[in-house]
Amino acid sequence: MSGRSAVLLTLLLVGVIEIADSVPEHHPSKIRVKRQDDSNAVGNSNNNFENQQPQEGDCICVPYYLCENNTIITNGVGLIDIRFKEELCADALEVCCKKPIEKKDTKYPPKIERRGCGFRNDQGIGFRITGYENEAQFGEFPWMIGLLMDKNGLFVYKCGASLLHPQVVMTAAHCVVNVEPSTLFARAGEWDTQTTNELYPHQQKRVKEIIIHEGYNSAALFNDIALILLEEPFQLDENVDTICLPKNPDDVPFSPNCFASGWGKDKFEKTGIYQVILKKVELPIVHRDDCENRLKGTRLGEYFKLHHTFVCAGGIPERDTCKGDGGSPLVCPIPGAPGRYLQTGIVAWGIGCGTDVPGVYVNVAQFREWVDYYMQRFNLQPEYVY
């Protein structure tokens, strides 16, 4: 017997002894069987376990797997591992299994010709999940970017962002201020952060340059916007595409059907947990005066003034963006263009989470000229024009 076989047999015997010693005499996990020397134990047509139970005194309590046909197994049949050939697997916890179907046999949905920026895949790509109201479909928001920090070879989620061009990402300044570009990565096409088995793979690129808005105020979060230039562009695909931007500074659609997305916490308090699958929250845009008045009713006080670089959304209990969602996009439907969206906001700050106080977002429309300026400096064509 090999060393490993001896260990396995020892473990088996230990398990038998523990069951026999620790379970009460009449516990259901024990079975009373006749002794093998009983003349009625073997070869008797009336020896049916279901129809004839052993009587007290003519049986022994043993684990159920040592009993067959109302008789104790003494020859090891069905219990021992027959070593009729060499082990195919080195690990005792492994078994030899047929190879999976080759990937070339996987059926992919037909490719859809790219239609431009801002198209949401509300039915998902290739499949649709049901029963989870706040989970995004796979590929539903193809402009969604996850910013990751390299912590000694381990990628840690830092903030959300959006894709404006295959090589340019937009996020909140507070997410990337004082961050060394060489430690930051942008991931596109991600959905379930705990697996790589999605229909289309995610893509990950190194960050080359971070542009913080010149007027960024770290205390009040005015001008809380930043652009990220990547070392190389993403390959646009079904699950990776760009978002549209507002055309002018006043282009804020007051829609009740805007969406924020991200992998942040579902609650702001300690009980909140970060999401594994990309989540989405449907939110209405809140008019500026209404938002400012509701914010005055918080610890901000009656003299609070909402800066013009902010826009508000939400104010519905249990529906909000929370910690970890910073930098993620808030997108709203483009009027007259079904299924197409523009980015109205960037998740910035709030008072609490999931209350009747709206969340506060960067007013992206205010920064369209600023974005255009840096796209020209990068010598890149804007992919966010519709």
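First, a word on what this report is: a plain description of the structure on this page. Predicted model only: the values in this text are computed from it and were never measured.

Our next topic: empty space enclosed by the protein. Applying the stated rule across the entire model yields two cavities of 30 Å³ or more. Residues that form the lining of the largest cavity fall into these classes: six nonpolar, four polar and two charged.

A full pass over the atoms with the stated rule returns four disulfides. The side chain of Cys117 participates in a disulfide bridge whose partner is Cys244; the two sulfur atoms lie 2.1 Å from each other. One disulfide, between Cys117 and Cys244, carries an S-S torsion of 100° and so falls in the right-handed class. With Cys117 in the loop between β4 (71–72) and β5 (144–151) and Cys244 in the loop between β10 (226–230) and β11 (258–262), this pair connects stretches of sequence that are 127 residues apart. The buried category is assigned to Cys244, whose relative accessible area is 0%. Two residues share a disulfide in this structure: Cys291 and Cys312, whose sulfurs sit 1.9 Å from each other. Classification of the bridge connecting Cys291 and Cys312 rests on its S-S torsion, roughly -70°, and on that basis the disulfide is left-handed. Taken together, the residues span a long stretch of sequence, with Cys291 in helix α3 (residues 288–296) and Cys312 in strand β14 (residues 310–314) at a distance of 21 residues. Judged by relative accessible area, which is 2%, Cys312 ranks as buried. In this structure Cys59 is not part of a disulfide, and its nearest cysteine sulfur, from Cys61, lies 6.0 Å away.

On to the pattern of salt bridges. Scanning the entire structure with this criterion turns up 11 salt bridges. The partner of Glu140 in a salt bridge is Lys280, and the shortest N-O contact between them spans 3.1 Å. A residue pair is termed long-range when its members are at least 10 positions apart, and Glu140 in the loop between β4 and β5 and Lys280 in strand β12 (residues 279–283) qualify at 140 residues. Residue Glu140 is classed as buried on the basis of its relative accessible area, which comes to 1%. Take Lys280: its relative accessible area is 13%, and that puts it in the buried class. For the salt bridge of Lys205 with Glu232, the shortest nitrogen-to-oxygen distance reads 3.4 Å.

Time to look at the side chain of Asp241. Within the secondary structure layout, Asp241 lies in the loop between β10 and β11. Using a relative accessible area of 11% as the deciding quantity, one classes Asp241 as buried. A polar contact is formed between the side chain of Asp241 and the side chain of Arg114, at a distance of 2.7 Å. What Asp241 contacts, discounting residues up to four positions off in sequence, is Arg114, Gly116, Pro142, Trp143, Leu163 and Leu236.

Attention shifts here to the sheet that holds strand β9 (residues 203–212). If you walk around this closed barrel you meet the six strands as β5-β6-β7-β10-β9-β8, and the pairing is antiparallel. Sheet twist, expressed as the average angle between the axes of neighbouring strands with direction ignored, equals 45°. Sheet topology places strand β8 (residues 184–188) next to β9; four bridges connect them, and they run antiparallel. Along β9, the bridge assignment pairs Ala188 with Gln203.

Conventions adopted
Residues numbered from 1 in each chain as written. Predicted model: local features only at pLDDT ≥ 70, side-chain atom pairs only at ≥ 80, totals over all residues. Heavy atoms only, no water. 1 Å grid on protein atoms, 1.4 Å probe; cavity = no way out; pocket = protein on both sides within 12 Å on 5 of 7 lines; lining within 4 Å. Points joined across faces, edges and corners; volume = space filled by probe spheres on them. Nonpolar A, V, L, I, M, F, W, Y, C, P; charged D, E, K, R; others polar. Disulfide = S-S within 2.5 Å. Helix = DSSP H or I, 4+ residues; strand = E, 2+ residues; numbered from the N terminus. Buried < 20%, exposed > 50% of the residue type's maximum accessible area, 1.4 Å probe, protein only. Salt bridge = Lys/Arg side-chain N within 4 Å of Asp/Glu carboxyl O. Polar contact = N/O pair within 3.5 Å; in protein donor to acceptor, adjacent residues only side chain to side chain. Contact = heavy atoms within 4.5 Å. Pairing = 2+ DSSP bridges. Axes fitted to C-alpha atoms, helices over the stretch in contact; angles between N-to-C directions.

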